[in-house]
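# Per-entry structural report
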Amino acid sequence: MASTVKQLFCFLLTISFLSLFPLSSSKKQHPLDPLTPAEFNLVKIIVKRAYRLVPHNITFQYVGLDEPEKQAVFLWQSNPARIPHRRARVVTRLNKQTHDIIVDISTRSVFSDKIYLGNGFPLLTIEEQVAATELVLGYGPFKASMKKRGLNISDVVCSTSTVGWFGEKKSKRVLKIPCFYTQGTVNMYLIPIEGITIVVDLDEIKISEYHDREIAPIPKPEPTEYRLSHLKPPFGPRMNNAATVTANGPGFTLDGHTITWANWNLHVGFDARIGSVISMASIYDLEKHKYRRVMYRGYISELFIPYMDPSEGWYYITYFDNGEFGFGLTAVPLEPLNDCPANAVFMDGYYAGQDGSPVKSPNAICIFERHSGDIMWRHTEAEMPGDVREVRPEVSLVVRMVATVGNYDYILDWEFKPSGSIKMGVGLTGVLEVKPVTYTNVDQIKEDAHGTLVAENTIGVFHDHFLNYYLDLDIDGDANSFVKTNLVTKRNTEAKTPRKSYWTVERETAKTEFDARIVLDSKPVELALVNPNKKTKLGNHVGYRLVPGFAASPLLTADDYPQIRAAFTNYNVWVTPYNKSEKWAAGDNVDQSRGDDDLLTWTNRNRAIENKDIVLWYTMGFHHVTCQEDFPVMPTVSGGFELRPTNFFEYNPVLKVIPPKHVTWPNCTAKP
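Rules of the game
- Residues numbered from 1 in each chain as written.
- Predicted model: local features only at pLDDT ≥ 70, side-chain atom pairs only at ≥ 80, totals over all residues.
- Heavy atoms only, no water.
- UniProt positions renumbered as here; feature names shortened; annotations may be inferred.
- Helix = DSSP H or I, 4+ residues; strand = E, 2+ residues; numbered from the N terminus.
- Buried < 20%, exposed > 50% of the residue type's maximum accessible area, 1.4 Å probe, protein only.
- Contact = heavy atoms within 4.5 Å.
- Polar contact = N/O pair within 3.5 Å; in protein donor to acceptor, adjacent residues only side chain to side chain.
- Core = buried A, V, L, I, M, F, W, Y, C linked by side-chain atoms within 4.5 Å.
- Arc of directions from axis to C-beta.

## Topic: the UniProt feature "active site" (unreviewed entry) in the chain
In the numbering adopted here, UniProt assigns the feature "active site" (unreviewed entry) to Asp321 and Tyr408. Taken along the chain, the residues just named run across 88 residues; in space they keep tight, none of their C-alpha pairs more than 10.4 Å apart. Secondary-structure assignment places Asp321 in helix α6 (residues 321-325). Classification of Asp321 by relative accessible area gives buried; the value is 3%. In this view, Asp321 contacts Glu302, Leu303, Ile305, Gly326, Phe327, Val405 and Tyr410; residues no more than four positions away in its chain are not counted. Positionally, Tyr408 belongs in strand β20 (residues 408-416). The contact partners of Tyr408, leaving out residues within four places of it in the chain, are Tyr307, Ala403, Leu428, Thr429, Val431, Leu432, His463, His465, His624 and Met634. Side-chain polar atoms of Tyr408 contact the side chain of His463, separated by 2.8 Å.

Next comes the structure, spelled out in structure tokens:
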């Protein structure tokens with residue numbers, strides 16, 4: 001009886017506590033805004049209340065916005081009084097099970113709770129990774145291994161590595177722990193301690209496996225420094241000082257998470273798993289006097305990095321950065337004037353810690369106008385009398401985020417142009433993941449080293465980076481089709497001219513998902529999403545085309561376990577019918593996944609995609625053949641692709657653009 005009274009008292013106390021959290025203002029909050037700190041706290045309380053009788057700790061692996069149905073968002077857009085229910089998706093671990101919970105913030109209740117019974121595990125938390133490394137540093141056998149190598153344990157730093165899946169019938173939720181030596185350097189990834197296998201069971205919070213296999217060489221710390229304050233002469237080259245400012249302040253307005261700039265209107269969000277999210281991007285059409293829909297939602301859904309050393313200490317290193325570690329969780333504060341120019345405006349991000357409490361990621365996103373020095377358009381009429389010349393400088397809007405996942409830093413840009421183009425840019429920098437060896441010169445290498453000798457005793461291991469973009473394009477509406485325009489060579493049958501050949505186009509509309517699976521190769525083809533229900537005055541279907549950039553294909557065999565898990569790399573282009581539950585190309589639970597709930601699985605249903613609400617998935621890739629210039633820190637390698645209007649406008653949409661005025665700044669260093 002006393003226990004029942006106590007439970008009732010706790011329940012009433014929780015209800016009264018919940019009343020302290022007012023619902024978000026419907027007048028200001030956008031339905032796609034990321035969760036606020038107050039909402040994270042409210043979700044935490046609601047979930048813990050639902051499990052108040054469970055005597056075990058519950059861990060929050062992922063908490064994010066459970067986005068409303070698209071039509072509900074469009075109804076709100078036309079009538080702000082029709083507010084969609086505000087909900088959160090919560091993935092937890094409890095009693096060694098994964099729960100997928102939907103919390104209705106509007107009603108302060110659990111809407112649904114499903115136990116995940118499939119293969120794979122959810123996003124790792126930062127806290128459990130830290131706990132795993134601390135276990136190792138305090139572990140007696142590990143201390144003995146360090147002493148045997150003559151290494152000072154106080155100079156050892158450990159990290160975490162997922163273990164992948166290699167045909168096991170049953171999997172435990174574990175991590176492998178690589179460690180590094182930091183005596184004489186902060187560039188820890190370049191001084192790995194090899195020859196030791198350490199496995200930590202995350203559910204039991206204990207070291208479940210330990211093997212000291214061999215004593216490998218330790219690379220020297222001397223050439224690894226990259227901090228300017230610690231570098232020694234000679235220096236150079238010296239960059240000229242520069243001022244990147246706008247005379248009238250930012251050229252855009254930021255209302256909450258909604259940006260209005262030039263002829264664009266878009267929404268910027270933040271998520272623990274995928275980082276920055278662009279939503280409801282629309283462009284203003286001068287001729288039609290209205291904003292027209294282009295992209296409903298876009299983000300990087302997954303990043304796959306398989307390393308190419310199949311040896312005992314390396315074969316499992318096949319990371320899925322979004323699904324295992326999270327771009328939002330690993331977002332780093334952007335540094336004004338270096339990561340972003342002086343005219344940038346910064347936005348904080350928030351995610352849930354392992355206990356469900358909100359964690360602030362300061363300056364996670366920056367937004368700025370880019371005055372690149374490029375040309376928007378120009379023409380000179382050389383044959384006309386007089387000097388007829390028109391030039392417009394290129395100005396664009398950039399939304400930037402940087403995620404540092406272990407040794408790599410990823411610079412992630414969304415660039416919007418007044419012409420209607422959207423450019424997706426990726427920059428890869430940071431430091432290599434290296435393997436210590438006895439070699440000091442390439443002439444000593446007599447077998448496959450699986451990488452390049454980038455310094456004495458240091459192999460930079462070959463690897464790939466595959467990024468998959470989720471692009472829910474709604475070109476002038478949500479009923480779209482995917483069109484392949486093949487460029488075909490024809491023989492000239494016109495006897496009146498000496499020409500023997502020409503090329504023309506043959507268009508093909510994809511009917512099903514199989515039709516839209518494409519490996520980009522040497523075959524000339526243009527790919528576009530068009531609205532078959534909308535035409536220009538001249539009769540062309542309005543659309544946007546995909547202009548590919550880096551589009552590498554996988555080189556692993558199809559039966560290799562990492563490739564089975566990363567089947568989204570099998571094709572560069574995929575198209576699916578919109579399905580709210582199909583969000584991440586490698587599936588929901590990626591850690592130790594088995595390729596049975598991913599983009600390949602979904603598209604194997606071969607659903608109809610013509611004149612439907614469809615999603616474009618684009619996989620870009622880099623094959624990284626390492627080189628000495630990547631050492632000790634790697635100059636940024638950049639790639640990307642573009643979405644470009646094709647018959648979307650009646651004519652050049654930047655024909656009448658008003659160029660910026662050139663502001664002359666006084667030369668403060670000039671002598672009077």
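## Observations regarding the nonpolar core
Residues Phe142, Trp264, Trp414, Tyr469, Leu471 and Phe482 are the most contacted members of the largest nonpolar core, which totals 103 residues. Ranked by the residues each element gives to this core, the list is headed by strand β19 (residues 389-405), at six residues. Look past the residues within four positions of Phe142 in its chain and what remains in contact with it is Val136, Leu137, Ile153, Val156, Cys158, Cys179, Ile196, Ile198 and Tyr210. If you look at the next biggest cluster of nonpolar residues, it comprises 26 residues, including Leu123, Val277, Phe304 and Ala586.

## Re helix α3 (residues 70-78)
Those residues of α3 not exposed but buried are Lys70, Val73, Phe74 and Trp76. Summarising the axial view, the buried residues of α3 lie within an arc of 155 degrees, below the 170-degree limit, and thus occupy one face. On its buried face, α3 sits against β14 (275-285), β15 (290-306) and β25 (463-473).

## So, unusual backbone geometry
Only a minority of non-glycine residues have a phi that is not negative, and only a minority of peptide bonds are not trans. In this model, Pro233 is joined to Pro234 through a cis peptide bond whose omega is 5 degrees. Along the chain, the position of Pro234 falls in the loop between β10 (206-212) and β11 (252-255). Cis geometry marks the peptide bond from Phe631 to Pro632; its omega dihedral reads 0 degrees. The topology assignment puts Pro632 in the loop between β31 (614-624) and β32 (634-646). Even without glycine at this site, Met280 takes up a positive phi of about 50 degrees. Mapped onto the secondary structure, Met280 falls in strand β14. Taking relative accessible area as the criterion, Met280 reaches 8% and is therefore assigned buried. Look at Asn457: it is not a glycine, yet its phi comes out positive at around 65 degrees. For Asn457, the location among the structural elements is in the loop between β23 (451-455) and β24 (458-461).

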